[in-house]
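Take a look at the letters that make up each chain.
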Amino acid sequence: DVRTTPPRVQKKHTSRKLIEAWFRALSEISTTFGPLKQRTAALGVQIAKKFRKHGNIAKRRILRFVDIILGDTQLLHALELGEWKKSFLRLESAIVKAGITDAATCEQLHKGVIMM
């Protein structure tokens, strides 16, 4: 039955060890970048507004983004090692691949983060 058996892609990227590694990495990121919480929240609000405006297209893009980052072992490895530059480059690449924004806009955001 298709509904009871998840696709191979989902099984591959949802192992217990991988999920635990993601939670550790996200916890470390939030601890390291705590002062950016307000800016991140504002960005999240803007993204939510965009999703409401663009509906199903935006939902497909965010699902594609999540699928890309969950399958990106280089990103997870960089997060675990605290290689923040490489981590952000991998996230930027995933954002562009998922079609959330174009490369030029991503570059502007990258410059803004560097200035902070």
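This one's a predicted model, so the numbers in the text were calculated from it and none came from an experiment.

Caption draft 1: Structural detail: helix H4 (residues 56-70). With 15 residues, H4 ought to run about 21 Å at 1.5 Å a step, and its terminal C-alpha atoms sit 21 Å apart, in line with that. The set of residues buried in H4 consists of Ala 58, Phe 65, Ile 68 and Ile 69. Buried residues along H4 cover an arc of 90 degrees about the axis, so they all sit on one side. Seen from the buried face of H4, the exposed residues on the opposite side, beyond 90 degrees, are Asn 56, Arg 60 and Leu 63.

Caption draft 2: The arrangement of the pattern of salt bridges in detail. This model, assessed by the stated rule, comprises two salt bridges. Arg 24 is paired through a salt bridge with Glu 80; the nearest N and O atoms lie 3.3 Å apart. Residue Arg 24 is found in helix H2 (residues 16-32), and its partner Glu 80 is found in helix H5 (residues 73-81); the two are separated by 56 residues along the sequence. A salt bridge links Arg 90 to Asp 72, with the shortest nitrogen-to-oxygen separation between them at 3.0 Å. One end of the pair, Arg 90, is in helix H6 (residues 84-97); the other, Asp 72, is in the loop between H4 and H5, and 18 residues separate them in sequence.

Caption draft 3: Up close: the environment of Phe 88. One can find Phe 88 in helix H6. Classification of Phe 88 as partly exposed rests on a relative accessible area of 33%. When the C-alpha atoms of Phe 88 and Ala 78 are compared, they prove to be 9.3 Å apart, with 10 residues separating the residues in sequence.

Caption draft 4: Spotlight on H5. Within H5, burial applies to Leu 75, Leu 76, Ala 78 and Leu 79. Burial along H5 is one-sided: seen end-on, the buried residues are contained in an arc of 165 degrees. Among the exposed residues of H5, those pointing more than 90 degrees away from its buried face are Thr 73 and Leu 81. The residue sitting at the N-terminus of H5 and contributing the capping side-chain oxygen is Asp 72; that oxygen lies 3.1 Å from the backbone nitrogen of Gln 74.

Cut-offs and rules
- Residues numbered from 1 in each chain as written.
- Predicted model: local features only at pLDDT ≥ 70, side-chain atom pairs only at ≥ 80, totals over all residues.
- Heavy atoms only, no water.
- Helix = DSSP H or I, 4+ residues; strand = E, 2+ residues; numbered from the N terminus.
- Expected span 1.5 Å × (residues − 1).
- Buried < 20%, exposed > 50% of the residue type's maximum accessible area, 1.4 Å probe, protein only.
- Arc of directions from axis to C-beta.
- Salt bridge = Lys/Arg side-chain N within 4 Å of Asp/Glu carboxyl O.
- Polar contact = N/O pair within 3.5 Å; in protein donor to acceptor, adjacent residues only side chain to side chain.

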